[in-house]
Amino acid sequence: MQSLTSIQSFEGKYPRQLWYLFFSEMWERFSFYGIRGMLTYFMVNQLFMDEKAANLQYGATQAFVYAFTFIGGLFADRILGFQKSLFWGGLLMICGSLILAADPKSYFFLGISFNVIGTGFFKPNISTMVGALYRQDDARRDAGFSLFYSGINMGALFGGYACIAIGKGSLFSSWVPEVLRWNVAFGLVAVVMSISLLTFVFTRRSMGPIGASPLTPANYDSSASGSVSDSSSHSSSGSQDAGRRVAGFLWQEWAVFAGALLSVPVIMKMVANTVYTDYFMYAIGPFSLLYLAYEMSRHSAAEVRKLVAALMFILFSVIFWAIFEQAGGSLSLFAANNLNDRLLGSVILDPNGVNNAANSLFVILFAPLLGLLWVAMSRKKLEPNTVVKFGLGFIFLGLAFYTFYATRFFATAEGIASLDVFTVAYFVVTLGELCLSPIGLSIMTKLSPTRLQGLMMGMWFLASAYGQYVAGLFGASIVAEQSNATALDKLNAYTEGYRLFGGYAVIAGVALLLLSPMMRKLMGNVR
C-alpha cells in the first residue's frame, strides 16, 4: 500500500489519485444534477402539484440531501472512514435511481429518499479525500480543488441538460416512447451512478491509507501531515475495541448500514410532508452548533478562532445558496412557463435544459480564466483575500438576479421572455459562484483541525441544506397567487421576486466586505 507521504510527495501539478476522484465525482454529479433538474418540473407536470407546493417540496427534498451530508460526515469520521462511506452512499443512490426508473410516479418519494441518504454518505467524504492528497502547506491544494470543481460541473452540465430534456421529450424523442420518457431519464441516472461507483472501486487501492476506517488498523505514516495521519492514533486505539468482523465489516459498520436502511421510511415520510422538514431543520442546526461548540472546547485558542471564521463563512453561505438555488425551484418553473426556446435567434434548446446546464458550462469555460486572473493579481500583490472574494460572489449574485428581473423587459405580450437574457443572467451567476464556491471547499479544510475536517465539510454542506430549505420558502413566496394565473402573471410575479433577491445578495456582499478585516484576524495564518 502506498504511504501517505508518498502520495503527498507527488511531482507535477496534480496527484494521479485526484483524477480518479475527479471522474468518480463527475459521474456522481451527473446523477445528482440530473435528478435535481427534473424534480420541480416533474412534481408540477407529472404529480400535478401546484407551483407553491412544488417549490416547498423542492426545498425540503434538497435540504434533506445536504443535511445528510453532515450526518454522513460524522459517520465517516467516527466509524466507516471515507472509502466505505463513499461505497455505501453510491450503492444507495443506485438503488434509489432504479426505483425511480421502475415507476417514477408511484415510487417517487421512496426513490428520492434512497438518493437523499446515499448522497449524504457520498458527497462530503469525497471532497475531504481530495484535501487529504495534499500537505497542509502545499500551495497546489487550491489548484487541485479547482480541477475537482470542474469535474463537478462537467457532470452537472451533461446530466442537467440530458435528463430533463429526455423526460420532456425534447431530446431523443424519436428513440424513446412517450410513455417511457421519465423512466428512461431516471434510468440514465442509475447507469451513470454505477459508472461512478465502479470508477471508485477499481481505483481505491491507489488511495493508500486515505479514507480508511478509524476503527481499522492501517499502515499510516505518522510523520505525514494531513487528515489521515491524525486518524492513525484513533485507528490504533479504536481498533482495540472494534471486535470481530462479519462478512468483512465490523459490527459498528453493520449498525450504520442497518440504521441507514431503517431510516428510509422515516425520511420518506418527512420528505413527503414539508411540515416535518420544518421540524427537522429547526433541530439539526442547533444540534450541529452545540456539537461544534463541544468539539471547539477540546482545541487550542488559535484553532478555535479559525473555527469561528469557518463558521462565519458557513452562515453567510446559507444566504448565498438560498438565492442561488432558485435554479432548481422557481427558475425551473420560470423556464418552463416563461421562456422561448431560441438562443441567439437560431439555436433551438430546451429552456429547462439551459436553466440546469448554463451555469455549469460557464464554470467550465471561465473558471480557468478567473484562476489565471487571480494568479496575475497575486504576482502584483493585488489579489483580493478570501473574505473579499466571498463578498464579490454575493455582489455578482445580486447583479445576476437583477438581470433575471430584467427579462420582463424583453418579453412578449403573452409573457414569454428571451432565453438570451436569461442565459446572460446565468453568466453573471457563474461569476459569483466562482468567487465563492471552490474557495469554500478549500477554506473548510484549511481552517479545520485535522480531526474535524469531515465534520466541518459536513457543516459546509449543512449550510447548503439550510440554503436549499430557505430557497424553497423564497420560491414559494413569489408564486403568482391566482389559481388560473397566465404566463404574464407568472412572469411579473417571479421577476419581482428576483428583484428582491438581488437586493438581499448585494446587502450581504457589502456586509462581508466590511467584516473582512475582523475575519482575516480570526483566520490567522490561513489565506
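Model, not experiment: these values are computed from the prediction. (Residues numbered from 1 in each chain as written. Predicted model: local features only at pLDDT ≥ 70, side-chain atom pairs only at ≥ 80, totals over all residues. Heavy atoms only, no water.)

**Overview of the pattern of salt bridges**
Stated precisely, the cut-off is as follows: What makes a salt bridge here is a side-chain nitrogen of Lys or Arg within 4 Å of a carboxyl oxygen of Asp or Glu, nothing more. Secondary structure elements are defined from DSSP: runs of H or I of at least 4 residues count as helices, runs of E of at least 2 residues count as strands, and each element is numbered from the N terminus. Relative accessibility decides the category of a residue: with a 1.4 Å probe and only protein chains considered, values under 20% of the type maximum give buried, values over 50% give exposed, and everything between is partly exposed.
One pass over the structure, following the stated rule, counts 13 salt bridges. The shortest N-O distance in the salt bridge between Glu 51 and Lys 490 comes to 3.0 Å. Of this pair, Glu 51 sits in helix 3 (residues 51–102) while Lys 490 sits in helix 17 (residues 487–523); the two residues are 439 residues apart in sequence, bridging distant segments of the chain. When sorted by exposure, Glu 51 lands in the same class as Lys 490, which is buried. In this structure, a network of salt bridges that share partners links the residues Glu 25, Glu 28 and Arg 29.

**Concerning helix 3**
Rules: By definition here, a helix of n residues has an expected span of 1.5 Å times n minus one. What we call the bend at a residue is the angle made by axes fitted to the seven residues finishing there and the seven residues starting there. Polar contact is the term for a pair of N or O atoms within 3.5 Å; when the atoms are in protein, one must be able to donate a hydrogen and the other to accept it, and sequence-neighboring residues count only if both atoms are side-chain atoms.
Its 52 residues place the ends of helix 3 only 26 Å apart at the C-alpha level, less than the 76 Å of an ideal helix rising 1.5 Å per residue. Along helix 3, the sharpest kink reaches roughly 115 degrees, centred on Leu 80. With 41 of 52 residues buried, helix 3 is to be regarded as a mostly interior element. Between the side-chain oxygen of the N-cap and the backbone nitrogen of Lys 52 there are 3.1 Å, and the N-cap of helix 3 in question is Asp 50.

**Digging into unusual backbone geometry**
Of note, Phe 172 is a non-glycine position whose phi angle comes to about 60 degrees, a positive value. On the secondary structure map, Phe 172 appears in the loop between helix 5 (141–168) and helix 6 (181–203). Positive phi is not limited to glycine here, since Leu 344 has a value of about 60 degrees. Relative to the helices and strands, Leu 344 resides in the loop between strand 3 (342–343) and strand 4 (347–348).

**Examining the confidence of the model for the chain**
Selection rule: On a scale of 0 to 100, pLDDT captures the predictor's confidence in every residue.
Looking at the chain as a whole, the pLDDT averages 87, with 94% of positions reaching at least 70. Per-element confidence in the chain ranges from a low mean pLDDT of 44 for helix 7 (residues 227–240) to a high of 96 for helix 12 (residues 330–338).

**Comments concerning the packing of aromatic side chains**
Our working rule: Ring geometry is summarised as follows: Phe, Tyr and Trp rings, the Trp one being its six-membered ring, pair when their centres sit within 6.5 Å, and such pairs are stacked at plane angles under 30 degrees, edge-to-face over 60 and tilted between the two. Two limits define a charge over a ring: the Lys NZ or Arg CZ must be within 6 Å of the ring centre, and within 35 degrees of the ring normal.
Counted by the stated rule, this structure contains 45 aromatic pairs. Taken together, a centroid distance of 5.9 Å and an interplanar angle of 55 degrees make the contact between Phe 404 and Tyr 498 tilted. Placement of the pair is Phe 404 in helix 14 (residues 386–406) and Tyr 498 in helix 17, with a sequence separation of 94 residues. On the basis of relative accessibility, which here comes to 0%, the residue Phe 404 falls in the buried class. A connected cluster of aromatic rings, assembled from ring pairs, spans Phe 334, Phe 401, Phe 404, Phe 422, Tyr 426, Phe 474, Tyr 494, Tyr 498, Phe 501 and Tyr 504. Between Arg 29 and the ring centre of Phe 32, over which it is positioned, the NZ or CZ distance is 4.1 Å. Positioned over the ring face of Phe 10 is Arg 140, at 3.8 Å from the centre of the ring.

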